[in-house]
Amino acid sequence: MTASPGGGSPDGPGSGSIPARDLLDRVSGHGAIQVILAASDGPIRFTDLERAVEGVSRRMLTLTLRHLERDGLLERRVYPTVPPEVEYRATPMALELREALLTLTDWARRHGAGVASARRSYDARQSAATST
């Protein structure tokens, strides 16, 4: 990595850029991948996201949506109805990320059984090693 004119690295704290590690943590945590993929198909309401994102509480989904909106990956639109209708849409930046996320989720689906088998083998070896 080369130094920026300000003296720090291009991804450093003084550069105005977010370190790649932080962005990867954000898009990989608490259902964010599922949210981005669901919002990439067009506007989606909160209740539909709740159904689409497995294993995430309502509170955690709310926090994830706020973080993704803050990071510029989602746009939130509130309609002046009673009760207010809220929908989310992926931004162009998130749409650019979509293909990589689809590749990653496809890989996870294809290799889930193999990983489960490897875990069972590992656990059996660890159990055998600790019982001797």
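Higher on the page you've got the structure.
Each value, and the rule that gives it
- Residues numbered from 1 in each chain as written.
- Predicted model: local features only at pLDDT ≥ 70, side-chain atom pairs only at ≥ 80, totals over all residues.
- Heavy atoms only, no water.
- Patch = residues over 30% accessible without salt bridge, like charges linked within 9 Å, V, L, I, M, F, W, Y side chains within 5 Å.
- Areas by Shrake-Rupley, 256 points an atom, 1.4 Å probe, with all protein chains shown as cover.
- Salt bridge = Lys/Arg side-chain N within 4 Å of Asp/Glu carboxyl O.
- Helix = DSSP H or I, 4+ residues; strand = E, 2+ residues; numbered from the N terminus.
- Axes fitted to C-alpha atoms, helices over the stretch in contact; angles between N-to-C directions.
- Parallel < 35°, antiparallel > 145°, perpendicular 65-115°, else oblique.
- Left-handed = near helix turned anticlockwise from the far one by under 90°.
- Contact = heavy atoms within 4.5 Å.
- Pairing = 2+ DSSP bridges.
- Bend = angle between axes of the 7 residues up to and from the residue.
- Core = buried A, V, L, I, M, F, W, Y, C linked by side-chain atoms within 4.5 Å.
- Buried < 20%, exposed > 50% of the residue type's maximum accessible area, 1.4 Å probe, protein only.

1. Details of a nonpolar patch on the surface
And then number 1: Side chains of Leu-104, Trp-107 and Val-115 sit close together on the surface and give an oily, nonpolar patch of about 270 Å² of accessible area.
And then number 2: Counting through the fold element by element, Leu-104 comes out in helix H5 (residues 92-130).

2. Description of the packing of helix H2 (residues 32-40) against H5
And then number 1: At a minimum axis distance of 9 Å, the contact between H2 and H5 shows a crossing angle of 120°. Judged by the angle between their axes, H2 and H5 are oblique. In this structure, H2 crosses over H5, and the sense of that crossing is left-handed. Taking contact as the criterion, the partners of Ile-33, Ile-36, Leu-37 and Ser-40 in H2 are, on H5, Ala-94, Leu-95, Leu-97, Arg-98, Leu-101, Leu-102, Leu-104 and Thr-105.

3. Here's the deal with the sheet that holds strand E2 (residues 74-79)
And then number 1: The antiparallel open sheet is built from three strands, whose spatial order is E1-E3-E2. Looking along the sheet, the strands with just one partner apiece sit at the ends: strand E1 (44-45) and E2.
And then number 2: Bridge count between E1 and strand E3 (residues 85-90): two bridges; the pairing is antiparallel. Counted as the bridge partner of Ile-44 is Tyr-88 from E3.
And then number 3: Lying on the sheet, H2 is in contact with E1, E2 and E3; it crosses E3 at an angle near 95°.

4. Some thoughts on H5
And then number 1: A maximum bend of about 55° is found in H5 at His-111.
And then number 2: Residues of H5 that are buried make contact with H2 and E3.

5. What to know about the packing of H2 against helix H4 (residues 58-70)
And then number 1: The N-to-C vectors of H2 and H4 enclose an angle of 65°; their axes lie 10 Å apart at closest approach. In terms of their interaxial angle, H2 and H4 are classed as roughly perpendicular. As for how H2 packs across H4, the hand of that crossing is right-handed. Where H2 approaches H4, its residues Ala-32, Val-35 and Ile-36 are matched on the opposing element by Leu-61, Thr-64, Leu-65 and Leu-68.

6. Concerning the nonpolar core
And then number 1: In terms of nonpolar packing, the biggest core is built from 22 residues, with Val-35, Leu-49, Leu-65 and Tyr-88 touching the most fellow members.
And then number 2: Residue assignment for this core shows that the elements contributing at least two residues are H2, helix H3 (46-52), H4, E3 and H5.
And then number 3: Sorting elements by how many residues they give to this core places H2 first, with seven residues.

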